[in-house]
Amino acid sequence: MNIYRAHVLVCGGTGCTSSGSAAVQEEFEKQLKENNLENEVKLVQTGCFGLCALGPVVVVYPEGAFYSKVKAEDVKEIVEEHLLKGRIVKRLLYKETVDEDTIKSLNDTAFYAKQKRVALRNCGVINPENIDEYIAVDGYQALAKALTEMTREEVIQVIKDSGLRGRGGGGFPTGMKWDFTYKAEGDQKYVCCNADEGDPGAFMDRSVLEGDPHAVIEAMAIAGYAVGADQGYIYIRAEYPIAVERLKIAIGQAREYGLLGKDIFGTGFNFDLDIRLGAGAFVCGEETALLTSIEGKRGEPRPRPPFPAIKGLWGKPTLLNNVETYANIAQIILKGADWFASMGTEKSKGTKVFALGGKINNTGLVEIPMGTTLREIIEEIGGGIPNGKKFKAAQTGGPSGGCIPASLIDTPIDYDSLISIGSMMGSGGLIVMDEDNCMVDIAKFFLEFTVDESCGKCAPCRIGTKRLLEILTKITDGKGTMEDLDRLESLCYAIKSSALCGLGQTAPNPVLSTLRYFRDEYEAHVKDKKCPAHVCKALAQYKINPEKCRGCSLCSRQCPVGAISGEIKSPFVIDQNKCIKCGACQAACKFGAIDKE
Amino acid sequence: MKSLAELQEIRNRALNQVNLRKERADGIRVVVGMATCGIAAGARPVLNAFVREVEARNLTDVMVTQTGCIGMCRLEPIVEVYVPGQEKVTYVHMTEDKVARVVAEHIINNRPVTEYTVGSETK
């Protein structure tokens, strides 16, 4: 085997791919060849490092130099300076890692220091398309241990003892689910993986599958052994092409090595996996709808019970877990239940991955021990709010969750404390909002999403969410009344208690939580006909400040509807009846004389 | 896969592929001067010889890396060995042939090869 003195890791996650990492990798290939380094330096494509805002990311070992925002033009310099002459190109380093003259370890930077990577342990470390690298970092050891040293009951007991709860959002104890499926009677059982990550702004599962697909495959095989299934399905959305491709490669390699298939490790245990592609319907993330979709039918939920553990895929007992849940399994088997239970809070053990987005400096993927406060996530790991703005709220759980206002920023993040403040863990999207976000508008945004994604099977969800959206639109248009607020609230509770599946039952959450914490904003829209954040167009007013206006007429020439008039060299005026609030005048004014109110 | 031994074999074989990427705080560092002067004097074969030797002896906590010009260009190729808690040792006029001895005596047995060091050269 060829020995390399340096490794160049280029992130091939979706975030970095969209900022051009493929071109960077190609350039590395070319430059390494030109400098005759291809036998000395190894080029590796990896999964997500987490700091998507700084992509494309390139890390060079053994120094561990973390280059950010690398462009193809920069590659020549890295190769000639760093790889050939050993001089790290400081101008391209992630600025936090540069400390005076030495480079700091990435783990000492604010972004990584508070993180604990369990589910993401191999993302950005190994090449996801090479099973050997996964095996080198103890891959498939847990499967070997489970099959050769543990009984099925012991495996389930370890998962139970670890306190692992479902990472897809519900937070149901994973070990219990395994136990139910194990105890269910049936000639055939299935193990399924929910990789239908649909929350706007969430991309944890995608990153795990892109960066460490074997971790999920190994865990599903362990689950198959524990519950007595010999066939598994990964249900993944077709919108994740990179993840699908890497999964296919990984399954192929695992089969080739006999880690999937017949008589694994000579124990007589058979297990194989197939991929099922989803067409991107949000409701298919709901477990019964997902299983229905795997069966080839229209993805619609059905009432529970019976739960999938009793009657799932094709009416057979089926275990369904989320990608991130599976990503923890092998580590728990290898390191033990106590190790896992030592992380986190009393009722929420381990770590959780969050996709950090919105008004935050370090957009990306973070994994933190349960119980970390929102303040630590936003101010330390996330690097704070851009442009010196003030933190207003964070939305967790996407369209099923709720918002956490600034006053509760010290809330420890775990399943139960989030529920108690009217939000939920969800799958892990965390959208940060600043003072420029209108909370009514945010609620409306999520309702638009659920109205679109409602499957239409049950009336409360199909009709109820539509009505909710109409009331919200009325309010943001400045036509709402105080009675509308009451109606909004009672309709929310009606939908919550009567919808068929999780989608409908949680759809009112964004409305309820914004009503709870930002009622004053709703009232400002209704009573004062004002949007405090100046977001809602219908309520906005552009006004010319006569003291600043020089009467240059530039704005009136920009106005597409001729709403601005006046005499040269004296203040101009906007006719509010004609104004369509496009903002063109404000953008054109050189004196900052036009205010949006 | 029919046995654990098979898995272990693949693991051992593949370990070298990823070992380089581990964070090592307390390992020995071998730093080869790879500025223009070093490269001209033949530092690259020396660097590669160190990588091969470290690999062949399965020294997992030794990191071989490069650095720029140290300033004594006439003594290149220069190699510095940092053992944690000890004074660094600077080897000069290194060649591929000298590498095996430095690894065996200094890195493994912690006895610097005095005759190759800068001290004996400038005496």
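Residues numbered from 1 in each chain as written. Chains lettered and ligands numbered in written order. Predicted model: local features only at pLDDT ≥ 70, side-chain atom pairs only at ≥ 80, totals over all residues. Heavy atoms only, no water.

Draft legend 1. Structural view of the overall build of chain A. Tallying secondary structure elements over chain A gives 24 helices and 20 strands in all. Relative to the globule expectation of 25 Å for 597 residues, the C-alpha radius of gyration of chain A, 27 Å, shows essentially globular dimensions. Considered along the principal axes of its C-alpha atoms, chain A spans approximately 90 × 65 × 40 Å. Here chain A holds 597 residues, and the buried ones make up 59% of them. (Helix = DSSP H or I, 4+ residues; strand = E, 2+ residues; numbered from the N terminus. Rg over C-alpha atoms; globule rule 2.2 N^0.38 Å. Buried < 20%, exposed > 50% of the residue type's maximum accessible area, 1.4 Å probe, protein only.)

Draft legend 2. Just the overall build of chain B, in detail. When helices and strands are counted, chain B shows 5 helices and 4 strands. Listing each helix as α and each strand as β along chain B from the N terminus yields α-β-α-α-β-β-β-α-α. Considering only C-alpha atoms, chain B reaches an extent of 60 × 30 × 25 Å along its principal axes. Within the span of chain B, comprising 123 residues, buried residues form 48% of the whole. Looking at chain B alone, contacts between residues at least 24 apart form 63% of all its contacts between residues at least 6 apart. Carbon and sulfur atoms form 49% of the exposed surface of chain B, whose accessible area is close to 6000 Å². Where the 16 positive side-chain charges of chain B centre and where its 15 negative ones centre are 3 Å apart. (Contact = heavy atoms within 4.5 Å. Areas by Shrake-Rupley, 256 points an atom, 1.4 Å probe, with all protein chains shown as cover. Lys, Arg positive; Asp, Glu negative; His and termini not counted. Charge placed at Lys NZ, Arg CZ, Asp CG, Glu CD.)

Draft legend 3. Seen up close, the interface of chain B and chain A. Each partner contributes to the interface: chain B provides 32 residues, whereas chain A provides 48 residues. With both sides pooled, the region where chain B packs onto chain A buries about 3400 Å², and carbon together with sulfur makes up 56% of that total. The tally of links between chain B and chain A comes to 3 salt bridges. Across the pair Arg13 of chain B and Asp132 of chain A runs a salt bridge, and its minimum N-O distance is 3.4 Å. (Buried area = accessible area lost by both parts, 1.4 Å probe. Salt bridge = Lys/Arg side-chain N within 4 Å of Asp/Glu carboxyl O.)

Draft legend 4. Quick peek at the sheet that holds strand β2 (residues 62–67) of chain B. Residues and elements named next belong to chain B. The 4 strands are arranged β2-β1-β3-β4 in an open sheet whose pairing can be described as mixed. Since the sheet does not close on itself, it has two edges, and those belong to β2 and β4 (89–91), each with one partner. Shown here is a sheet whose adjacent strand axes are inclined to one another by a mean of 20°, direction ignored. (Pairing = 2+ DSSP bridges. Axes fitted to C-alpha atoms, helices over the stretch in contact; angles between N-to-C directions.)

Draft legend 5. Inspection of the packing of helix α7 (residues 152–162) of chain A against helix α10 (residues 213–227) of chain A at higher detail. Residues and elements named next belong to chain A. Running from amino to carboxyl end, α7 crosses α10 at an angle of 120°, the nearest separation of the two axes being 8 Å. Considering the angle they form, α7 stands oblique to α10. Between α7 and α10 lies a crossing of left-handed hand. Here Arg152, Val155 and Ile156 of α7 come into contact with α10, specifically with Ile222, Tyr225, Ala226 and Val227. (Parallel < 35°, antiparallel > 145°, perpendicular 65-115°, else oblique. Left-handed = near helix turned anticlockwise from the far one by under 90°.)

Draft legend 6. Looking closely at the pairing of strand β16 (residues 429–434) of chain A. Residues and elements named next belong to chain A. Within β16, 5 of the 6 residues are buried, which leaves it mostly tucked inside the rest of the structure. Sheet analysis places strand β12 (residues 351–358) next to β16, joined by 4 bridges and oriented parallel. Along β16, the bridge assignment pairs Gly358 with Val432. Examined bridge by bridge, strand β14 (residues 391–396) and β16 share 5 bridges and lie antiparallel to one another. Among the inter-strand pairings, Gln395 is bridged to a residue of β16, identified as Ile431.

Draft legend 7. Main features of unusual backbone geometry. All names here are of chain A. In this structure, the amide linkage connecting Arg304 to the following residue, Pro305, adopts the cis form with an omega of -10°. With respect to the helices, strands and loops of the structure, Pro305 is situated in the loop between α12 (287–294) and β11 (318–322). Geometrically, the link from Pro305 to Pro306 is a cis peptide bond, its omega value of 5° lying close to zero. Its identity is not glycine, yet Asp263 carries a phi of approximately 50°, on the positive side. Tracing the backbone through its elements, the reader meets Asp263 in strand β9 (residues 261–264).

Draft legend 8. Layout of a nonpolar patch on the surface. Residues Phe172, Met176 and Phe180 of chain A make up a contiguous nonpolar surface patch of roughly 270 Å² in combined accessible area. Taking relative accessible area as the criterion, Met176 of chain A reaches 37% and is therefore assigned partly exposed. (Patch = residues over 30% accessible without salt bridge, like charges linked within 9 Å, V, L, I, M, F, W, Y side chains within 5 Å.)

Draft legend 9. Main features of the packing of aromatic side chains. For the structure shown, the criterion picks out 14 aromatic pairs over all chains. Relative to Tyr112 of chain A, the ring of Phe111 of chain A lies with its centre 4.9 Å away and its plane at 85°, an arrangement referred to as edge-to-face. Accessibility expressed as a relative area gives 7% for Tyr112 of chain A, which makes it buried. Site record: aromatic cluster; members linked through ring pairs are Phe49, Phe66, Tyr94, Phe111 and Tyr112 of chain A. Its end group placed over the ring of Tyr240 of chain A, Arg206 of chain A keeps NZ or CZ at 5.7 Å from the ring centre. Over the ring of Tyr116 of chain B we find Lys98 of chain B, and its NZ or CZ is 4.9 Å from the ring centre. (Phe/Tyr/Trp six-rings, centres within 6.5 Å; stacked < 30°, edge-to-face > 60°. Lys NZ or Arg CZ within 6 Å of the ring centre and 35° of its normal.)

Draft legend 10. Quick peek at the environment of Asp414 of chain A. Residue and element names in this part refer to chain A. Note on placement: Asp414 falls in the loop between β15 (402–405) and α16 (415–420). Using a relative accessible area of 10% as the deciding quantity, one classes Asp414 as buried. Here the alpha-carbon distance between Asp414 and Ser348, two residues 66 residues apart in the chain, equals 5.9 Å. Apart from the residues within four sequence positions on either side, Asp414 is in contact with Thr345, Ser348, Met370, Gly371 and Met425. Separated by 2.8 Å, the side chain of Asp414 and the backbone nitrogen of Ser417 make a polar contact. (Polar contact = N/O pair within 3.5 Å; in protein donor to acceptor, adjacent residues only side chain to side chain.)

Draft legend 11. Inspection of the packing of helix α19 (residues 482–498) of chain A against helix α21 (residues 509–517) of chain A at higher detail. Residues and elements named next belong to chain A. Relative orientation of the contacting elements α19 and α21 amounts to 140°, with a least axis distance of 10 Å. The orientation of α19 relative to α21 falls into the category oblique. Note that α19 runs across α21; the crossing there is left-handed. Across from Leu485, Leu488, Glu489, Cys492, Tyr493 and Lys496 in α19, the residues of α21 making contact are Asn509, Val511, Leu512 and Leu515. Residue composition of the contact of α19 with α21, grouped by class: 7 nonpolar, 1 polar and 2 charged. (Nonpolar A, V, L, I, M, F, W, Y, C, P; charged D, E, K, R; others polar.)

Draft legend 12. View of the side chain of Asn322 of chain A. Residue and element names in this part refer to chain A. Structurally, Asn322 is set in strand β11. Asn322 gets classed as buried once you look at its relative accessible area, which sits at 8%. In this view, Asn322 contacts Arg167, Gly168, Cys193, Asn194 and Asp205; residues no more than four positions away in its chain are not counted.

Draft legend 13. Focus on the sheet that holds strand β1 (residues 6–11) of chain A. All names here are of chain A. A sheet is described by the order of its strands in space; here 4 strands give the open sequence β2-β1-β3-β4, paired in mixed fashion. In the strand order of this sheet, the two ends are held by β2 (41–46) and β4 (65–67), each with one partner. Looking at each pair of strands side by side, their axes are set apart by 20° on average, direction ignored. Judged from the 6 bridges that link them, β1 and β2 form a sheet pairing that is parallel. Within β2, the residue paired with Ala6 across the bridge is Val41. Seen against the sheet, helix α2 (residues 21–34) touches β1, β2 and β3 (58–61) and runs at an angle of roughly 165° to β2.

Draft legend 14. How the structure looks around the pattern of salt bridges. In total, this model carries 46 salt bridges over all chains according to the counting rule given. Glu40 of chain A is paired through a salt bridge with Arg44 of chain B; the nearest N and O atoms lie 3.0 Å apart. Of this pair, Glu40 of chain A sits in the loop between α2 and β2 while Arg44 of chain B is found in helix α3 (residues 43–56), placing the two residues in two different chains. For Glu40 of chain A, a relative accessible area of 8% corresponds to the buried category. In this structure, Glu523 of chain A engages Arg519 of chain A in a salt bridge whose closest nitrogen and oxygen atoms are separated by 3.5 Å. Taken as a pair, Glu523 of chain A and Arg519 of chain A lie in helix α22 (residues 519–526) at a separation of 4 residues, close to a single helical turn. Taking the relative accessible area as the measure of exposure, Glu523 of chain A reaches 23% and is therefore partly exposed. Residues joined by salt bridges that share partners form a network here, namely Asp486, Glu489, Arg519, Glu523 and Lys527 of chain A.

Interpretation note: all reported values are geometric properties and have no functional meaning in isolation.
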